[in-house]
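Chain and residue survey
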Amino acid sequence: MERYWQKEIETASRDQIVAWQNERLVRTVKRVYENVPYYKKLMDEKGVTPGDINSIEDLWKLPFTYKSDLRDTYPYGLFAVPMEQVVELHASSGTTGKQIVAGYTRHDLDIWADCCARQLVAAGATKEDKIHVSFGYGLFTGGFGLHLGAQRIGAVAIPVSSGNTARQITILQDFGSDYLCCTPSYAMYIAESMEQANVDMSKIALRGGIFGAEPWTEEMRQRIEEKLHIKAHDIYGLTEIMGPGVSYECCEQSGMHVNEDHFIIEVIDPDTGKVLPEGEQGEIVFSCITKEAFPLLRYRTRDIGVISRKKCSCGRTLVKMSKPRGRSDDMLIIRGVNVFPSQIETVLLRMGYSPNYQIVVDRVNNLDTLEVKVEVTQEVFSDTVTKFAVKEKELSEALKSLLGVNAKVTFAAPGSIDRSIGKAVRVIDKRKI
Ligand code: ADP
Ligand code: ZN
């Protein structure tokens, strides 16, 4: 039987959700216009006043907010409350440039806890469970977010944080962790390390995993589920909007329900800014409608995804967004062809290779080159030179047929590619160095 954390919200009628959104959007726009000079300027420049925003139908009239706006107002220029009301700060991990700072009031933390509680409960966690949090604790939002969520449902939070994989395994065994929360790449690394240490999986209590903070494929999910004997759930969030808890998977594992009572999602054409209809792929844009300290409006996430309002068997009425296939800035343009690292991951895993890979892009004689380094087993690595070459060629052809560009494949020795304890670094783009 499906369980909810806040049933009356998660299964509310569409009319009710829209009514909440209308009222909260109008209130937030007014507040932001009055309290954040930078927003007032953006709105004035676009010729829109709070009086023009009467419902979510008017959302399109508002200006977009970009990462560059956050950098221009760094660190606190978009806060909508005085600092005395802020009780916590976090910052993005800075994967793609200068970090940005997010502030939370007590009320914001309260909402954050509920949003993270919803995703734990949707993944089947209960107050009887021990939640092993291997997301980093610190400025990164992952650790604290899941921690708040675990405590909110009355479960036991185990704040292991990231790193020291041998210790993670000892704790998984000795403390009897029921749920593991971390990046999917770190989950894979933990699984691999458990295999190497010959851990008896029947002695591991783990039932589920809550993984996110980076793109991962369905193939990767299957691998993790098989290796750790768990159900692996995807969660999505970003520092600018709140951190983890923006959207989460239910038992269906086919897209993530967006916490629409707090965030309005739009999918837009990244070139024209036009709002796209349900089902069309584009850039995901969020507006925060309940946040006090740092309520961004129409924030351009640069994440590429699709939304669906199809009825979900879990009973939730909250809209679902697809697994983002990556950020528009993760997309590689190789000789004019768009390539997402996740497409490469799909091919590797489907052909039975390991998820330990690295993509190296370079420019030689004005031509882009793509190299995929992938770790192989000791057995393959010690194969005869001919067999080795045949396999490399076979993989290279499979990549070419899916991506439409030539890819050089290089097999690497087991354990030779750096493992990540947080977000995996998959791409080395030498053209940018
Ligand atoms: P940084 O911007 O420094 O990486 P964040 O931790 O705020 O810091 O990163 C948020 C980003 O992580 C999102 O915009 C998205 O690109 C990515 N992300 C988060 N969760 C997922 C997920 N489940 N699937 C794919 N990408 C994700
Ligand atoms: Zn559902």
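Residues numbered from 1 in each chain as written. Chains lettered and ligands numbered in written order. Predicted model: local features only at pLDDT ≥ 70, side-chain atom pairs only at ≥ 80, totals over all residues. Heavy atoms only, no water.

**Focus on the pattern of salt bridges**
The tally for this structure, following the rule as stated, stands at 32 salt bridges. For Arg309, the salt bridge is made with Glu260, and the minimal N-O distance between the two is 3.4 Å. One end of the pair, Arg309, is in the loop between strand E13 (307–308) and strand E14 (320–321); the other, Glu260, is in the loop between strand E9 (256–258) and strand E10 (263–268), with 49 residues separating them in the sequence. Using a relative accessible area of 37% as the deciding quantity, one classes Arg309 as partly exposed. Residue classification places Glu260 among the buried positions, given a relative accessible area of 2%. Taken together, the shared-partner salt bridges in this structure form one network comprising Arg363, Asp368, Asp429 and Arg431. (Salt bridge = Lys/Arg side-chain N within 4 Å of Asp/Glu carboxyl O. Helix = DSSP H or I, 4+ residues; strand = E, 2+ residues; numbered from the N terminus. Buried < 20%, exposed > 50% of the residue type's maximum accessible area, 1.4 Å probe, protein only.)

**A word on the layout of surface pockets**
Its volume calculated, the second largest pocket comes out at about 430 Å³. Every residue lining the second largest pocket is counted, 21 residues in all, and those nearest its centre are Glu192, Ser354, Asn356, Val376 and Thr377. Contributing elements (two or more residues each) for the lining of the second largest pocket: helix H8 (184–196) and helix H9 (218–228). Ranked by residue count, the leading element in the lining of the second largest pocket is H8, at six residues. Tallied by class, residues from the lining of the second largest pocket come to eight nonpolar, seven polar and six charged. Two domains each put at least three residues into the lining of the second largest pocket: domain 1 (1–325) and domain 2 (332–429). (1 Å grid on protein atoms, 1.4 Å probe; cavity = no way out; pocket = protein on both sides within 12 Å on 5 of 7 lines; lining within 4 Å. Points joined across faces, edges and corners; volume = space filled by probe spheres on them. Nonpolar A, V, L, I, M, F, W, Y, C, P; charged D, E, K, R; others polar. Domains from an automatic or database assignment.)

**Observations concerning the packing of H8 against H9**
Contact geometry of H8 with H9 gives a least axis separation of 10 Å together with a crossing angle of 35°. At the point where H8 passes H9, the crossing takes the left-handed sense. In this structure, H8 contributes Pro184, Ser185, Ala187, Met188, Ala191, Met194 and Glu195 to the contact, and H9 contributes Met220, Arg223, Ile224, Lys227 and Leu228. Its residues assigned to classes, the contact of H8 with H9 comprises eight nonpolar, one polar and three charged. (Axes fitted to C-alpha atoms, helices over the stretch in contact; angles between N-to-C directions. Left-handed = near helix turned anticlockwise from the far one by under 90°. Contact = heavy atoms within 4.5 Å.)

**A look at the coordination of the zinc ion (ligand 2)**
Taken together, Cys250 (SG), His257 (NE2), Cys312 (SG) and Cys314 (SG) make up the protein donors of the zinc ion (ligand 2), found 2.1 to 2.3 Å from the metal. Along the chain, the residues that donate to the zinc ion (ligand 2) are spaced as C-x6-H-x54-C-x1-C. Comparing Cys250 with His257, the two get one shared label, buried. (Donors = N, O, S within 2.8 Å, 3.2 Å for Na, K, Ca; no water.)

**Considerations on the packing of aromatic side chains**
Inspection of every chain in the model, using the stated rule, returns twelve aromatic pairs. Seen in terms of ring centroids, Tyr353 and Phe411 are 5.5 Å apart; in terms of plane orientation they differ by 35°. Their pairing is tilted. In this pair, Tyr353 is assigned in the loop between helix H10 (341–350) and strand E17 (357–364) and Phe411 in strand E19 (residues 408–412), connecting sequence segments 58 residues apart. In this structure, Tyr353 and Phe411 share a single accessibility class: buried. An aromatic cluster of three or more residues is present, and its members are Tyr353, Phe381, Phe388 and Phe411. Arg221 extends its terminal NZ or CZ atom over the ring of Trp216, reaching a point 5.8 Å from the ring centre. Here the guanidinium or amino end of Arg300 rests over the ring plane of Phe64, the centre of that ring lying 4.8 Å away. (Phe/Tyr/Trp six-rings, centres within 6.5 Å; stacked < 30°, edge-to-face > 60°. Lys NZ or Arg CZ within 6 Å of the ring centre and 35° of its normal.)

**Describing the domain arrangement of the chain**
Parsing the chain into structural domains produces domain 1 (1–325) and domain 2 (332–429). Inter-centroid distance (C-alpha atoms) of domain 1 to domain 2 is 30 Å. Counting from both sides, the interface comprises 20 residues of domain 1 and, opposite them, 19 residues of domain 2. At the boundary of domain 1 with domain 2, total buried surface from both sides reaches about 1,700 Å², with 54% on carbon and sulfur atoms. The largest per-residue losses of area from domain 1 upon contact with domain 2 belong to Glu219, Arg223 and Arg325, which jointly make up 34% of the total buried on that side. Connecting domain 1 to domain 2 are two salt bridges. The interface formed by domain 1 and domain 2 holds twelve residue pairs in polar contact (both at pLDDT 80 or more) in total. For the side of domain 1 that touches domain 2, the elements supplying multiple residues, two or more each, are H8 and H9. Among the elements that make up the side of domain 1 that touches domain 2, the one with the highest residue count is H8 (five residues). Grouping the amino acids of the side of domain 1 that touches domain 2 by side-chain chemistry returns eight nonpolar, seven polar and five charged. (Buried area = accessible area lost by both parts, 1.4 Å probe. Polar contact = N/O pair within 3.5 Å; in protein donor to acceptor, adjacent residues only side chain to side chain.)

**A closer look at the nonpolar core**
Counting residues in each nonpolar core, the largest one holds 52 residues, and the members touching the most others are Phe286 and Met321. Elements that contribute at least two residues to this core include exactly helix H2 (14–35), helix H3 (37–46), strand E2 (101–105), helix H5 (106–122), strand E7 (231–238), E9, E10 and strand E11 (282–288). Looking at this core element by element, the count peaks at five residues for H5. Ignoring any residue separated from it by four or fewer positions in sequence, one finds Met321 in contact with Tyr236, Ser247, Gly255, Met256, Val258, Ile265, Ile284, Phe286, Val306 and Ile307. In this structure, Ile9, Trp20, Val121 and Ala155 belong to the second largest nonpolar core, which totals 24 residues. (Core = buried A, V, L, I, M, F, W, Y, C linked by side-chain atoms within 4.5 Å.)

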